[in-house]
Amino acid sequence: RKEVEQDPGPFNVPEGATVAFNCTYSNSASQSFFWYRQDCRKEPKLLMSVYSSGNEDGRFTAQLNRASQYISLLIRDSKLSDSATYLCVVNGADSWGKLQFGAGTQVVVTP
Amino acid sequence: NAGVMQNPRHLVRRRGQEARLRCSPMKGHSHVYWYRQLPEEGLKFMVYLQKENIIDESGMPKERFSAEFPKEGPSILRIQQVVRGDSAAYFCASSPPSRLGGLNTGELFFGEGSRLTVL
């Protein structure tokens, strides 16, 4: 079983709509959780950290469910520029900085 | 204010040759990480280094791969006797010194990657 699993998509989303997707992780001792964004053939960039209480950054909302070991990302009022691959990232408790990346969920926002 | 610099951006090697990928972290960053991304796959951790120290190399193949981060100069990922399966994008990332006794806060700053093609 992969340490971090994501639905690869693609999620085809009309501009202005809302899209949400999850990621599951296998290591129950994981302490830190993040969403990164990767545009085609570019480097990943941090989108937002995911806190236990859930957090929002503009049109983006992240949630963490430790009991079920999943993380979610919701994008409201989708823009064309939101088209990208969203990477779920988990930092294990003893990993000394090693991050585990999911394979990514592709989102395609259409006009 | 340069970000993480990787070179070369593209490298073509024939089977059996050596590949050397270089990474200069962001200014003030003392932690360097190497990740490999195969086509249609996620990033796979390879190695985590600080200056002159390998902290975690659990993701490195046991043979042909090595990494270093010398006191002076960039970090280098070296692949000896390359095979076709080594073709991938190799991303380097850096982070500032940790504030919490060694645990990374999670924000890595990535370079644009080095794309290795083995013929």
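Preceding block: the structure.
Residues numbered from 1 in each chain as written. Chains lettered and ligands numbered in written order. Predicted model: local features only at pLDDT ≥ 70, side-chain atom pairs only at ≥ 80, totals over all residues. Heavy atoms only, no water.

Observations regarding the overall build of chain B
Next up, step 1: When helices and strands are counted, chain B shows zero helices and 11 strands.
Next up, step 2: The order of α-helices and β-strands along chain B, N terminus first, is β-β-β-β-β-β-β-β-β-β-β.
Next up, step 3: In terms of overall dimensions, chain B has a C-alpha envelope of 45 × 30 × 30 Å along the principal axes.
Next up, step 4: With 119 residues in all, chain B has 44% of them scored as buried.
Next up, step 5: At a minimum sequence separation of 6, the contacts of chain B that also span at least 24 residues come to 55%.
Next up, step 6: Only carbon and sulfur atoms are counted for the fraction: they give 47% of the accessible area of chain B, which is about 6200 Å². (Helix = DSSP H or I, 4+ residues; strand = E, 2+ residues; numbered from the N terminus. Buried < 20%, exposed > 50% of the residue type's maximum accessible area, 1.4 Å probe, protein only. Contact = heavy atoms within 4.5 Å. Areas by Shrake-Rupley, 256 points an atom, 1.4 Å probe, with all protein chains shown as cover.)

Some remarks on the nonpolar core
Next up, step 1: Ranked by internal contacts, the top residues of the largest apolar core, which has 23 residues, are Trp34(B), Met46(B), Leu77(B) and Tyr90(B).
Next up, step 2: Among the secondary structure elements, those contributing two or more residues to this core are β3 (19-24), β4 (31-37), β5 (43-50), β7 (65-68), β8 (75-79), β9 (88-95) and β11 (114-118) of chain B.
Next up, step 3: Sequence-distant contacts of Leu77(B), that is, excluding residues within four places in its chain, are made with Ala19(B), Arg20(B), Leu21(B), Trp34(B), Met46(B), Met60(B), Ser66(B), Ala67(B) and Tyr90(B).
Next up, step 4: Among the nonpolar cores identified, the runner-up in size contains 22 residues, and Val50(A), Leu64(A), Ile75(A) and Tyr86(A) belong to it. (Core = buried A, V, L, I, M, F, W, Y, C linked by side-chain atoms within 4.5 Å.)

Quick look at unusual backbone geometry
Next up, step 1: Cis rather than trans, the peptide bond between Gly9(A) and Pro10(A) has omega equal to 10 degrees.
Next up, step 2: Structurally, Pro10(A) is set in the loop between β1 (4-6) and β2 (11-14).
Next up, step 3: In this structure, Pro8(B) follows Asn7(B) across a cis peptide bond, with omega equal to 0 degrees.
Next up, step 4: Following the sequence through the fold, Pro8(B) ends up in the loop between β1 (5-7) and β2 (10-13).
Next up, step 5: Unusually for a residue other than glycine, Arg64(B) sits at a positive phi of about 75 degrees.
Next up, step 6: The residue Arg64(B) is located in the loop between β6 (53-56) and β7 in this model.
Next up, step 7: We classify Arg64(B) as partly exposed; its relative accessible area is 23%.

Focus: the state of the cysteines
Next up, step 1: Applying the stated criterion across every chain, the model contains two disulfides over all chains.
Next up, step 2: Residue pairing for Cys23(A): its cysteine sulfur links by disulfide to Cys88(A), the two sulfurs lying 1.9 Å apart. On the S-S bond that ties Cys23(A) to Cys88(A), the torsion sits near -60 degrees, and the link is left-handed. Of the two residues, Cys23(A) sits in strand β3 (residues 19-25) while Cys88(A) sits in strand β9 (residues 84-91), which places them 65 residues apart along the sequence. As far as burial versus exposure is concerned, Cys23(A) and Cys88(A) are alike and both buried.
Next up, step 3: Bridging Cys23(B) to Cys92(B), the disulfide has an S-S length of 1.8 Å. Between Cys23(B) and Cys92(B), the S-S torsion sits near -60 degrees, and that sign places the bridge as left-handed. (Disulfide = S-S within 2.5 Å.)

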